[in-house]
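Notes for the structure review
Letter by letter, the chains look like this.
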Amino acid sequence: MKEIAKEAWNYTFSEQHPGDYILSVVCGGAGLYDFVIRLTSAQIAAYEREGIPYISRLAEEVRYDQTPFNAQKA
Amino acid sequence: MKKNLLHLWLFMLMAAVSFSCSDDDDKAPESIKLEDSWKEGWSSQKVLDIAKGQRPAPSVYLDQKYIDFHLAQFNGGATYLVTKSSLDKYGRDTLGYPDNTQFVMTKAEMDAMLTKTAKDISKIETELGIPAGSWKGQEMVRISISDPKALNVRVPSGNEMGANSLWLPGGHLPTGYSEAVINKIPKGKYTETPL
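In this text the structure is predicted, and so the values were computed from the model without any measurement. (Residues numbered from 1 in each chain as written. Chains lettered and ligands numbered in written order. Predicted model: local features only at pLDDT ≥ 70, side-chain atom pairs only at ≥ 80, totals over all residues.)

1. Notes on the sheet that holds strand E2 (residues 11–17) of chain A
All names here are of chain A. Sheet architecture is open: 4 strands sit in the order E1-E2-E3-E4, paired in antiparallel fashion. Both edges of this open sheet fall to strand E1 (2–7) and strand E4 (32–38), since each of them pairs with a single strand only. Neighbour-to-neighbour, the strand axes of the sheet open up by a mean angle of 20°, direction not taken into account. Helix H2 (residues 52–64) contacts E1, E2, strand E3 (20–28) and E4 of the sheet and is inclined by roughly 45° relative to E3. (Pairing = 2+ DSSP bridges. Helix = DSSP H or I, 4+ residues; strand = E, 2+ residues; numbered from the N terminus. Axes fitted to C-alpha atoms, helices over the stretch in contact; angles between N-to-C directions. Contact = placed C-beta atoms within 7 Å.)

2. Description of the interface of chain B and chain A
Across the contact, 24 residues belong to chain B and 17 residues belong to chain A. Of all the secondary-structure elements, those providing two or more residues to the side of chain B that touches chain A are strand E1 (78–83), helix H5 (84–90) and strand E3 (102–106) of chain B. Here the side of chain B that touches chain A gets 4 residues from one element, more than from any other, and that element is E1 of chain B. Considering only residue class, the side of chain B that touches chain A consists of 14 nonpolar, 8 polar and 2 charged. (Nonpolar A, V, L, I, M, F, W, Y, C, P; charged D, E, K, R; others polar.)

3. Quick word on unusual backbone geometry
Note: most peptide bonds trans; most residues except glycine with negative phi. All names here are of chain B. Backbone geometry at Asn100 places phi at a positive 65°, although glycine is not the residue there. Structurally, Asn100 can be placed in the loop between strand E2 (94–95) and E3. Taking the C-beta count within 10 Å as the criterion, Asn100 has 15 such neighbours and is therefore assigned partly exposed. At Asn152, a position not held by glycine, the phi torsion is positive, near 55°. (Buried ≥ 20, exposed ≤ 12 C-beta atoms within 10 Å, placed from the backbone.)

4. Here we look at the pairing of E1 of chain A
Residue and element names in this part refer to chain A. Judged from the 5 bridges that link them, E1 and E2 form a sheet pairing that is antiparallel. For Glu3, the partnering residue across the bridge sits in E2 and is Ser14. Once E1 ends, the chain turns through 3 residues before running back antiparallel as E2, passing Trp9 with a positive phi of about 60°.

5. Description of the pairing of E4 of chain A
All names here are of chain A. Relative to E4, E3 runs antiparallel, the two being bridged by 7 bridges. Across the sheet, the residue bridging to Val25 is Phe35, located in E4. Taken together, E3 and the strand that follows it, E4, pair antiparallel across an intervening segment of 3 residues.

Okay, here's the thing in structure tokens:
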């Protein structure tokens, strides 16, 4: 697994295999947990277009509400 | 007759003195309820209707008495739970979200909750509103901050990085536990103990 970007107590973005991207997001308040998703092809395309700022935004979305990302749970 | 009147007068005087010396008014209330503490024109829903990032400071919509009462509960210490793997991954030099916030519970409520759940991880997840299974099989760590005042303990505004779609104004989790926010926690300002 190749780590691409990490911000302490925010997220870790990695490439597990070529083209297989994993985003681990720090979530929660008085109890912190990691929510880990595998990027969809649309998300990968957005990452390739916009780079790390997109991943940072995606991490915020995941942290705010994990429900839309449940199907992507890795 | 005069003697009786004098007795009556003395009795009334003593009753009046006793009443005026009563310290009931000076006693701090045992609890100040959130529902009684909204400033005029504000409600929980009104705050929630404002987008995250734009929400006002709690002092805009909550009485200062409530804020002071709420934060006083953290005088005995603040605490939160995290996985050991996260600590190993992100380091122990500075804890807390990059926006200089970290949600905490009171030490007293955490102690009571851990006793109630007998430290059963799945029960703790339920108590704290953590998605079921998030901590399954993980080594858990309790972070304790003895002096949260030194880290600017405050009532959450809902703009914090850790505030999610379930956040409620007023400093309580949806499950009822008291919460507050402190600044990032440097090494030396916290202790780490295995759960």
